[in-house]
Amino acid sequence: MADNMITLTIDGHEVQVEPGSTIMQAAKKLEVEIPHFCYHPRLSVAGNCRMCLVEVEGAPKPVASCAFPVSEGMNVKTQSQLAEQAHKNVMEMLLINHPLDCPICDQGGECDLQDIAVGYGSDRSRYGSCSKRSVEDKDIGPLVKTVMTRCIHCTRCVRFATEVAGVEEFGATFRGQDMKIGTYVEKALDSELSGNMIDLCPVGALTNKPFAFSARPWEMKTVNLIDVMDGMGTNIYADVRDEEVMRMRPRTNEEINEEWMTDTARFAVDGLTKNRLTAPLVREGKNLRQVSWQKAFDTLTEHLKGKRRDGIFALASSTLSAEDYYSFNMFMKESVGTDNVDARTDGSPIRGDVRASYVMNSGIAAVDNADAVLLVGCDLRRESPLLNARVRKNVLAKNIKVASIGALTNTTYDVKDLGRSPMDILDLIEDEKLFKKTFPKTKNLMVIMGAEATTRTDALKIMGAVRKLCQKYEMIRPDWNGYNLLSLKAGQVAALDFSVYPVAAGVEAKDVSKSVSEGLVKTLFIYGDVEIPAQELQDAEYIVYMGTHHSAYADIADVVLPTAAYTEKEALWVNTEGRVQAARKAVNPPMQAKEDWKIFRALSECLGKKLPFDTLSQLRLLIAKVNDAYLPENWGSFVVPAWDKFGLTTKPNKAEFEFSVPEYYLSNGYLRQSKVMQDCAAKAQDTNNKKVS
Amino acid sequence: MSSVRIVHEPADKVRDIYTWSKSAKAEVKKILAKYPKDQSRSAVIPLLHLAQREFDGWLPTKLMNLVAETLDMPYIRVYEVATFYTMFNLAPVGKYHVQVCTNCACMIRGSDKILEAVEKLTGAKAGESSADEMFTVSEVECLGACVNAPMMQVNDHYYTDLDAESAKEVLTALKEGKTPKVGSQVKEAS
Amino acid sequence: MTLQHTPLSYEDRIFKNLDGSGDWSIKGYQERGGYDGLKKILTTDTVEIIDTLKQSALRGRGGAGFPTGLKWSFMPKPTKERPTYLVCNADEGEPGTCKDRDILRNDPHTLVEGMIVGCYTLGAKTGYIYIRGEYYDEANRLQAAIDEAYEAGLLGKDILGTGVCVDLHIHLGAGAYICGEETALLESLEGKKGQPRLKPPFPAGFGLYGMPTTINNVETLAQVPPILKKGVKWWTQFGNPNNHGTKIFSISGSVNKPINIEAPMSITLKELIEHYAGGVIGGWDNLQAVIPGGSSTPMLSAENCQDAVMDFDSLMQYKTGLGTAAIVVMNKDVDLLRVMKRISGFYKHESCGQCSPCREGMGWIYQLMNDIYHGKADISDIDKLEDLTHRIDGHTICAFATGAIWPVQGTIRHFRHLMEQKVQPKKTASKAKTKKSA
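Residues numbered from 1 in each chain as written. Chains lettered and ligands numbered in written order. Predicted model: local features only at pLDDT ≥ 70, side-chain atom pairs only at ≥ 80, totals over all residues. Heavy atoms only, no water.

## Side note on the overall build of chain C
For clarity, the cut-off: Where helices and strands are cited, they refer to DSSP runs of H or I of at least four residues and of E of at least two residues respectively, numbered from the N terminus. Atoms considered for the radius of gyration are the C-alpha atoms alone. The globule rule reads 2.2 Å times the number of residues to the power 0.38. With a 1.4 Å probe rolled over the protein chains alone, any residue whose accessible area is under 20% of its type maximum counts as buried; one over 50% counts as exposed, and the rest are partly exposed. Values of accessible area rely on a 1.4 Å probe in the Shrake-Rupley scheme; residue burial ignores everything except the protein chains shown. This count recognises Lys and Arg as positive and Asp and Glu as negative, with His and chain-terminal groups excluded. Where a charge lies is defined by one atom per residue type: Lys uses NZ, Arg uses CZ, Asp uses CG and Glu uses CD.
From N to C terminus, chain C includes 16 helices and 12 strands. Taking 2.2 N^0.38 as the reference for a compact globule, 438 residues should give roughly 22 Å; the C-alpha atoms of chain C span a radius of gyration of 23 Å, in line with that estimate. Taken along the three principal axes of its C-alpha coordinates, chain C extends 90 × 55 × 35 Å. Looking at chain C as a whole, 66% of its 438 residues are labelled buried. As presented, chain C carries roughly 15200 Å² of accessible surface, and 51% of it is formed by carbon and sulfur atoms. Here chain C contributes 49 positive and 50 negative side-chain charges, whose respective centroids are spaced 6 Å apart.

## Thoughts on the interface of chain B and chain C
Put simply, the rule reads: What makes two residues a contact is simply this: any of their non-hydrogen atoms within 4.5 Å. Reported buried area values correspond to the accessible surface (1.4 Å probe) lost by two parts on association, with both partners' losses combined. Whenever a carboxyl oxygen of Asp or Glu lies within 4 Å of a side-chain nitrogen of Lys or Arg, that contact is scored as a salt bridge. We define a polar contact as two N or O atoms separated by no more than 3.5 Å, with the added condition that, inside protein, one atom must be a possible hydrogen donor and the other a possible acceptor, whereas residues neighbouring each other in sequence contribute only through side-chain atom pairs. Each residue gets one label: Ala, Val, Leu, Ile, Met, Phe, Trp, Tyr, Cys and Pro are nonpolar, Asp, Glu, Lys and Arg are charged, and the others, such as Gly, are polar.
With 43 residues of chain B at the interface, the matching set in chain C holds 61 residues. Note on chain B versus chain C: buried area summed over both sides is about 4000 Å², and carbon and sulfur give 57% of it. When the buried surface of chain B facing chain C is broken down by residue, Phe 84, Ile 108 and Val 147 of chain B rank first, second and third, together holding 17% of it. Along the contact surface separating chain B from chain C lie 3 salt bridges. The closest approach of N and O atoms between Arg 342 of chain C and Glu 141 of chain B, which form a salt bridge, is 3.1 Å. There are 24 residue pairs in polar contact (both at pLDDT 80 or more) connecting chain B and chain C. Broken down by secondary-structure element, the contributors of at least two residues to the side of chain B that touches chain C are helix H2 (44-54), helix H4 (75-84), helix H5 (104-108), strand E3 (135-140) and strand E5 (157-160) of chain B. The element contributing the most residues to the side of chain B that touches chain C is H2 of chain B, with 5 residues. Of the residues in the side of chain B that touches chain C, the class split is 23 nonpolar, 11 polar and 9 charged.

## A word on the packing of aromatic side chains
Keep this limit in mind: Note on ring pairs: Phe, Tyr and Trp rings are taken, using the six-membered ring of Trp, and paired if centres are within 6.5 Å. Classes follow the plane angle, with under 30 degrees stacked, over 60 edge-to-face and the rest tilted. For a lysine, the NZ atom is tested; for an arginine, the CZ atom; a charge sits over a ring if that atom is within 6 Å of the ring centre and within 35 degrees of the ring normal.
Using the criterion set out here, one finds 40 aromatic pairs over all chains in the structure. For the ring pair Phe 435 of chain A and Phe 439 of chain A, a centre distance of 5.3 Å and an interplane angle of 55 degrees mean the geometry is tilted. Classification of Phe 439 of chain A as buried rests on a relative accessible area of 2%. Ring centres 5.0 Å apart and planes at 85 degrees place the aromatic pair Tyr 29 of chain C and Tyr 35 of chain C in the edge-to-face group. Neither Tyr 29 of chain C nor Tyr 35 of chain C differs from the other in exposure class; each is buried. Cluster of aromatic residues (ring-pair linked, three or more members): Phe 328, Phe 331, Phe 525, Tyr 527 and Phe 600 of chain A. Its guanidinium or amino end placed over the ring of Phe 657 of chain A, Arg 456 of chain A lies 5.0 Å from that ring's centre, counting from NZ or CZ.

## Notes on the packing of helix H7 (residues 293-304) of chain A against helix H19 (residues 596-606) of chain A
Residues and elements named next belong to chain A. Spelled out, the test is: The axes are straight lines fitted to the C-alpha atoms, using for helices just the contacting stretch, and the angles between their N-to-C directions are given from 0 to 180°. By the definition adopted for this analysis, an angle is roughly parallel if under 35 degrees, roughly antiparallel if over 145, roughly perpendicular if from 65 to 115, and oblique otherwise. Crossings are classed by handedness, with left-handed meaning an anticlockwise turn of the near helix from the far one by less than a right angle and right-handed meaning a clockwise turn.
Contact geometry for H7 and H19: axes closest at 10 Å, N-to-C directions at 55 degrees. Judged by the angle between their axes, H7 and H19 are oblique. Judged by the sense of rotation from one axis to the other, the crossing of H7 with H19 is right-handed. On H19, the residues touching Trp 293, Phe 297, Leu 300 and Thr 301 of H7 are Ile 599, Ala 602, Leu 603 and Cys 606.

## Describing the domain arrangement of chain B
When the parts of a complex come together, some accessible area is lost, and that lost area is often used as the size of the interface. The following threshold applies: The source of the domain bounds is an automatic or database domain assignment.
If you check the domain split of chain B, you get domain 1 (11-84) and domain 2 (96-186). Using only C-alpha atoms to locate each centre, domain 1 of chain B and domain 2 of chain B end up separated by 28 Å.

Below is the structure:
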């Protein structure tokens, strides 16, 4: 506690806060609740709703607690007659033009206006014969539904778009009672974070469009999940009714997502109930026929009997959990006995020898302590919109410098362009003047490598160069590690942790297409939607597909085994920091689909090489031995990995970096199954075309 | 139900392209010189005025975009400003924008008669334009010439100390392409 | 009529060309004594200047009457990183108020000189004059005056060899009454919507572009150089204590000769109307009510007008204020409720829309005023209206809402009977109807 703390009294209770705090912040500390609408701790203070008025002894008028700074000895009353009356007065004004359409409003049941009106509103209107305002709606895209007549002009959405999302497209036009919140012109919001406006809107003006009219908050139970649409490990809630995930909402985790989530994480839920694989299938001629699990296992066992192991290949997608990878890897390598196993279907050559080489060593929250950020082959806005927002926050608040070596991308802040190719990293290492000019007085530099770099064939050389850069400029210290590799995919770190790639002389994923065309692939296991197109794999002699959806890979398969989606299993997810987080199971896998590890365990028994676990707990005990991050006591924590030598010291290629996320809204198997995401992709495509023309 | 202002830009009145003329560019430069280099946004109101003056007396979205691009501002921030201030016309106006003050001082001194005379002469009610698009008539708030009430503003100029007759004379003169005397319309005692 | 006050002599008038009969240009201004002694002021210690202003008890002429010397004393010394600004508020828009317009067009150099002295005193190298957009001709006139001053070496670098540098820029508004609120004015000057800022911080600490800034009314600034030149004693001979000096009164409405007149403070309202404005149309007995200081100030009944003294403190006993000293006279031929309804409509139109009570409340109040005027309300609506005004007052960021509800309260205070007359017919009618059906 600082020694210059200010002591004040709120409702008779003393509290000490830092100078510069507001009454609202002091009240929060005391857990005194002051009703408010426009105030939000993560946005700038607007002070316009006037709901948080309180009495301050000596002040002639009630003051807005969200904006008023505390002073020594201040005596605040939040429940005095003056304060209570002010709350009632403001409430009445907010309600006069608000429609009485709660029964058909999706915000109903989780509406700040409703809740606060219960406390401070009158049970009847004095507005009488006066007519209520109606406001025209504008279509702002497929995600956010607008009913602007309900708007109470708190401007949270405007501030969010401007300050956090960094897309200045939302505003308050006109004035007085004609003031309108919106885009003025009809246009879809160009943001990957637009859904957060829904949570911020204290009324039903901005609601979840795909979710419209589908469930009431009180009908749903809430389950803690981890999002898998990118590598952040965003903490989310799944709201579940019966056996269906109705919607996703962000769950606050200051170290990861604060209280935001991406649109991909929020709006792809519709895909979870459509086009699902609900029973094992076995090919009979042109058709896949539904069979029992036993029959499917028998068919597979029969097929594998006597097959040469070097003709068996296995590919895994990049959105799988720790348990999935661990059991799959062990199944393929030990029960089936092939080394041609790889989860790096994006072609990345990165290996899991040194954990520090493939995680974010600084940690996500360290952005708040960084003086500067260097992006290397990283389209940060697309690869991790949340990390991007965090960088932007610090650019705005502390004016931190951001520079980039990579493809020119559309960021939400100024980025200094240091070049297009990996050679520019070498320049930066050699040219100390350039470094000092670019990052003056920089103690804590975060270098963030992205997928543009890590999926290249020379990724190990780039990593080596970045390691050298960090070491040369003393960014690897006991108190700071500036080397960061951002994983684009939710399963990237876990797959590397468990060496889900060839460890002996097996064929790597990047060469599998070639092996297929050469006729070397006799049996191909495809686990989930991989990054290699189905057309390149379809000529494999025999294909086993394990997955959640009837995707293109199911179409080319001879045996199909239905697995559980990320919402349907108790699972550990490893984010880009290497942080292990446990997610609960929101719903059961549909029909006969099963949790993945159970399938591998059962199948291994059929093959006569039983995997050494019978329960999830036993499996997790094995996983915990892989590294400390997996110890149950470390779940949820950021475990800093040991620093070691890694990467190659030879020069990387001159080739320029290329965009890593060409189709953001369709960048994994789950997203591709979502109609909502397809709409977003079409809209984005449309906007791009317009920009070009 | 009362409804907030909705703006519809008639497509046939919006030009295909808006670009600053050479003289306007010079004016932009002059305006920008008034403000610190990193505060060019200060010039948004002057530039909107300039834009309106240069192009047909009103501000279609496209023209606001030109101002935004000139100042490197997000479009929405310009829309906010343009819609906040009443002098920016969001729909086309006639050659002469006749703004009759009807606030207290003018009302007391007979602005009803002025408005009536103006409406009669132009054939346009307050909020409308005349059929020949010569005049747009507006009822406006206090224009700050209360000791010279009643009064009206036509485009840039004030015509004060009016009565119905002199108001008509001013507009008739304008209609006939003449330049009426700006300011007080009280006739010198002969 | 024997006058209780001594009319200002030509010498004592600050705005010698307020009526526009003389030459507005620098030549005319200098002939009237303008810019004399400016050099001396620009070499006087600024602390001394602020002290003099404090002693003079000059109070802001823009409406709030805040002591100017005190306001200036809040300003920190400028540094290279944090320059200071002086901004002149010429966003005159309060219904009834039209004094600054006449200063700008008829005596613009009084303001230019005031700005030079103000900028010097506050250490501001740049002064902005924010003029309401409609004053296009007036702004051109002021620009011409500024150009003349540059030409004469009174602006720019090293003014009159004193080393003082001042640049003045005119910034035109675009039609928003709220920009007369000083922080809304700063927002507008920064290229934003004119929405008042939360205070604290105050402009003296965080003003234009985040720098220390003082905002003063046109008349206030113009009065500074004469006070410094002629001394505190000269200034304080006019008006009651704490309300000293000369003041422009704008007398409009039902008078025979509407006029902007500079007179000593604490003059009686009756003398202003009778002596300077040619009297009430139809005679003093035909007087119905007077708005004493612009539309925001609650009106005075005819009875109040008999003795009302026009200064900041004296008018408080009538629960009203001097405001901008814009006197709107209404005689008995005026449809008073219609005028007040129109004023409520003005405030509805001009609310910036930021604070909920103002954004929503202004419309409601106008609705009720309208309903009452048209006899569509019943008697309880008058009480509701009054109750509403108390529920809005003091609940908002700026004083706009207070200014909007004061005239409504004033109307109810003095003319409730007129309102009741309007609503009664409906009430009896509905009663009769009930009887009939029963």
